[in-house]
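Architecture at a glance
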Amino acid sequence: MAVLAALGEVVLQRAGDLGALLLSARRALAAGGRLHIDAVETLRQTHRLFFDAVPLVLVAGVAVGGVVAMQGLMYVARYSASEVFGWAAALSAYRDVGPLLLGCGLAARIGARVTAELAVMAARERLDAVRALGLDPEPTVVWPRLVATVACSTLFWAPACTLVLGVAFVVASLIGDQRIATSVWSVVSYVDAGTLVNGLLRMVLFGLIVGLSSCHAAVSVEASEDRSAGAIGRAVYAGSVLSLAGVVVANAVVSLLGGTG
Amino acid sequence: MRALEVIELRAQGRGGLVLGPVSLRVEPGQVVAVLGATGAGKSLLLAALAGLAPSTFAHELTVGMVFQSAALDEACSAFDNVARATRARNVPSPEDAARAALAAVGLGDALTKLPRQLSGGMRRRVALARALAVAPELLLLDDPTAGLDPRTTREVLALALGRGSNAPPTVLATHDLDEVVPRVDRVLVLEAGRVVFAGAPDELSRHGAARAFAPRPDLAPSLAEARWPF
């Protein structure tokens with residue numbers, strides 16, 4: 001019975017989290033529609049978060065590019081199909097592996113940072129200070145970070161995925177005698193716009209999930225009695241787990257719904 | 001400038017603390033100090049006056065508030081922290097007002113500094129500049145000298161309280177009997193959310209100031225019960 005009760009508690013908590021997330025999303029969208037979000041703050045946050053995540057994206061892009069090359073070369077070697085290596089690598093980079101790993105990376109870097117900043121603001125009276133000015137912290141502090149997270153993941157998609165593809169081509173040419181010109185020709189010939197749009201929409205979705213999860217986890221600190229450093233750490237952990245789980249589940253759902261077709 | 005009139009304010013804080021009833025009247029230029037042990041309800045009273053905690057008190061005054069932790073946006077410069085307030089309160093020429101407020105607290109040359117580049121006293125002065133820049137009709141100071149050395153304490157108090165009859169009604173929560181209380185007009189002592197003393201500062205010493213700082217028995221063990229853990 002105790003196990004069932006504990007399980008029920010976890011399910012109720014997660015259901016509550018999901019409901020709160022959906023409510024936050026609805027309010028954020030409604031506020032965005034009425035242009036109530038602080039535009040200057042949103043731009044400032046986008047600039048900060050974007051450049052803060054550049055090193056991680058560069059390192060991750062190089063690593064993922066290497067993995068894509070090695071996996072792709074296996075099939076090239078097995079089926080002697082060097083002309084489709086570029087196409088397969090582009091599918092991975094722009095639509096499948098690229099957005100998924102980029103989403104996970106951004107959850108760890110941008111999401112954790114947003115959660116930590118907002119949780120500290122909630123715990124250390126900074127949101128109260130904003131309220132004392134007669135401002136609502138949501139459109140002035142919280143939602144600009146949410147929009148900035150979505151903007152960053154959208155902005156990162158093209159350069160990061162192109163980096164993945166470029167590294168994959170170079171690695172394949174170095175270790176597999178795969179000619180770069182053949183790879184580029186394969187991309188130009190076989191990759192259609194739908195693939196690119198699919199990947200970009202995934203990144204927007206992942207950015208929204210990371211932004212909502214991290215903001216929700218942070219704001220929960222203010223509603224709780226415990227505002228210690230431990231509570232802030234738990235909020236960052238919860239935000240990261242929620243973001244990563246959300247990205248993985250959303251990726252699976254999009255793929256099942258025909259996103260890979 | 002209007003007086004602050006509070007009649008039988010009641011509020012509920014975190015941890016189940018119930019505040020009130022609290023009544024007080026503060027004229028423009030007057031300063032009321034709120035004393036009491038940790039958990040007595042000082043910060044809750046200020047939060048209720050600022051409209052940050054649910055209470056029976058409502059007003060439409062422009063509030064300037066200095067928080068215990070300064071509560072600055074760490075990602076913004078000193079200037080941006082103050083300018084955000086002046087813009088939010090529709091102060092005419094908000095950037096100029098922010099610069100003037102920072103200059104008035106002696107930070108005219110630290111406009112571009114981030115809060116983490118400032119000392120504790122300077123951070124508190126930025127918070128004070130932010131509160132004063134909006135030309136508040138009610139000034140609330142939550143332990144503005146906590147953690148400051150005596151010299152910085154005197155500097156901050158001189159800036160916050162030394163502005164004569166043009167100053168707004170000011171309510172200040174503090175633990176500092178030596179530096180703060182002699183500078184205020186009235187004192188309010190809270191104990192577990194209830195007012196146990198209200199009067200002039202010199203009456204407080206006769207009443208027994210020690211009572212204002214007696215720890216709540218449910219929050220702090222007595223020294224006799226304390227055990228060194230090693």
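Refer to the preceding data block for the structure.
Bear in mind that the values here come from a model prediction, so they are computed numbers and not experimental data.

What counts and how
- Residues numbered from 1 in each chain as written.
- Chains lettered and ligands numbered in written order.
- Predicted model: local features only at pLDDT ≥ 70, side-chain atom pairs only at ≥ 80, totals over all residues.
- Helix = DSSP H or I, 4+ residues; strand = E, 2+ residues; numbered from the N terminus.
- Buried ≥ 20, exposed ≤ 12 C-beta atoms within 10 Å, placed from the backbone.
- Contact = placed C-beta atoms within 7 Å.
- Nonpolar A, V, L, I, M, F, W, Y, C, P; charged D, E, K, R; others polar.
- Pairing = 2+ DSSP bridges.
- Axes fitted to C-alpha atoms, helices over the stretch in contact; angles between N-to-C directions.
- Parallel < 35°, antiparallel > 145°, perpendicular 65-115°, else oblique.
- Left-handed = near helix turned anticlockwise from the far one by under 90°.
- Expected span 1.5 Å × (residues − 1).
- Bend = angle between axes of the 7 residues up to and from the residue.

Right, let's talk about the overall build of chain A for a bit. Broken down by element type, chain A carries nine helices and zero strands. Written out in order from the N terminus, the α and β elements of chain A read α-α-α-α-α-α-α-α-α. Overall size of chain A, expressed as C-alpha extent along the three principal axes, is 65 × 55 × 30 Å. Per-residue burial for chain A yields a buried fraction of 47% across its 261 residues.

Our focus in this paragraph is the environment of Cys215 of chain A. Residues and elements named next belong to chain A. You can see Cys215 is positioned in helix 8 (residues 193–223). Overall, Cys215 belongs to the buried group, with 25 C-beta atoms counted inside 10 Å. For Cys215 and Val236, which are 21 residues apart along the polypeptide, the C-alpha to C-alpha distance reads 9.8 Å.

Another aspect to go through is the interface of chain A and chain B. Many descriptions give the size of an interface as the accessible area lost when the pieces come together. In this complex, chain A contributes twelve residues to the contact, which on the side of chain B involves 15 residues. A per-element tally of the side of chain A that touches chain B places helix 5 (residues 126–132) of chain A first, with five residues. Across the side of chain A that touches chain B, the residue classes tally to four nonpolar, one polar and seven charged.

Attention now goes to the pairing of strand 1 (residues 4–12) of chain B. All names here are of chain B. Sheet analysis places strand 1 next to strand 2 (residues 18–26), joined by six bridges and oriented antiparallel. Bridge pairing links Leu9 to Val22 in strand 2. With antiparallel pairing between neighbouring strands as the criterion, strand 1 and strand 2 make up a hairpin whose turn holds five residues, including Gly15 at a positive phi of roughly 75°.

Time to look at the packing of helix 4 (residues 97–123) of chain A against helix 8 of chain A. Residues and elements named next belong to chain A. At their nearest, the axes of helix 4 and helix 8 sit 8 Å apart, and the two run at 25° to each other. Here helix 4 is positioned roughly parallel relative to helix 8, judged by the angle of their axes. Considering how the two elements wind past one another, helix 4 and helix 8 form a crossing that is right-handed. In terms of residue class, the contact of helix 4 with helix 8 is made up of 18 nonpolar, seven polar and two charged.

We now examine the packing of helix 4 of chain A against helix 6 (residues 137–176) of chain A. Residues and elements named next belong to chain A. Across the interface, helix 4 lies against helix 6 with an axial gap of 10 Å and an inter-helix angle of 155°. With respect to helix 6, the axis of helix 4 lies roughly antiparallel. Here the hand of the crossing between helix 4 and helix 6 comes out right-handed. Contact residues: Gly98, Pro99, Leu102, Gly103, Leu106, Ile110, Gly111, Val114, Leu118 and Met121 in helix 4; Val141, Val142, Arg145, Thr149, Cys152, Ser153, Phe156, Trp157, Ala160, Cys161 and Val164 in helix 6. Here the residues of the contact of helix 4 with helix 6 are counted per class, giving 15 nonpolar, five polar and one charged.

Moving on, we come to unusual backbone geometry. Residues and elements named next belong to chain B. For Asn90, which is not glycine, the phi torsion reads 55° and is therefore positive. Structurally, the position occupied by Asn90 is in the loop between helix 2 (78–88) and helix 3 (94–104). Positive phi, normally seen in glycine, also occurs at Asp143, with a value near 45°. Topologically, Asp143 is positioned in the loop between strand 5 (138–142) and helix 5 (150–161). Note on Asp143: 20 C-beta atoms within 10 Å, which makes it buried.

All names here are of chain B. Across the six residues of strand 7 (residues 186–191), five count as buried, placing the element largely inside the fold. As judged from the five bridges shared by strand 7 and strand 8 (residues 194–199), these two strands associate in the antiparallel manner. If you follow Val189 over to strand 8, its bridge partner there is Phe197. Following strand 7, the chain reverses through two residues before pairing antiparallel with strand 8; Ala192 in that reversal takes a positive phi of roughly 50°.

Moving on: the environment of Ser186 of chain A. Checked against the element boundaries, Ser186 of chain A lands in helix 7 (residues 180–190). Taking the C-alpha atoms as reference points, Ser186 of chain A and Gln71 of chain A, separated by 115 residues in sequence, lie 17 Å from one another.

A few words now on the sheet that holds strand 4 (residues 63–66) of chain B. Residue and element names in this part refer to chain B. Taken in spatial order, the six strands line up as 4-5-6-3-7-8 in an open sheet, and their pairing is mixed. Every interior strand has two partners, whereas the edge strands, strand 4 and strand 8, have only one. Between one strand and the next, the sheet's axes are offset by a mean angle of 15°, whatever the strand orientation. By the bridge criterion, four bridges tie strand 4 to strand 5 in an arrangement that is parallel. In the sheet register, Val66 faces strand 5, and the bridge partner there is Leu141. The strands touched by helix 1 (residues 42–50) are strand 3 (31–35), strand 4, strand 5, strand 6 (170–173) and strand 7; relative to strand 5, the strand with the most contacts, the crossing angle is about 155°.

A word on helix 4 of chain A. Residue and element names in this part refer to chain A. Taking 1.5 Å of rise per residue, 27 residues should cover 39 Å, and helix 4 covers 37 Å from first to last C-alpha, within 8% of that figure. Where helix 4 bends most, the angle comes to about 35°, and this point is Ala107. Among the 27 residues in helix 4, 21 count as buried, and that is most of the element. Glu125 occupies a position one or two residues after helix 4 and carries a positive phi of about 70°.

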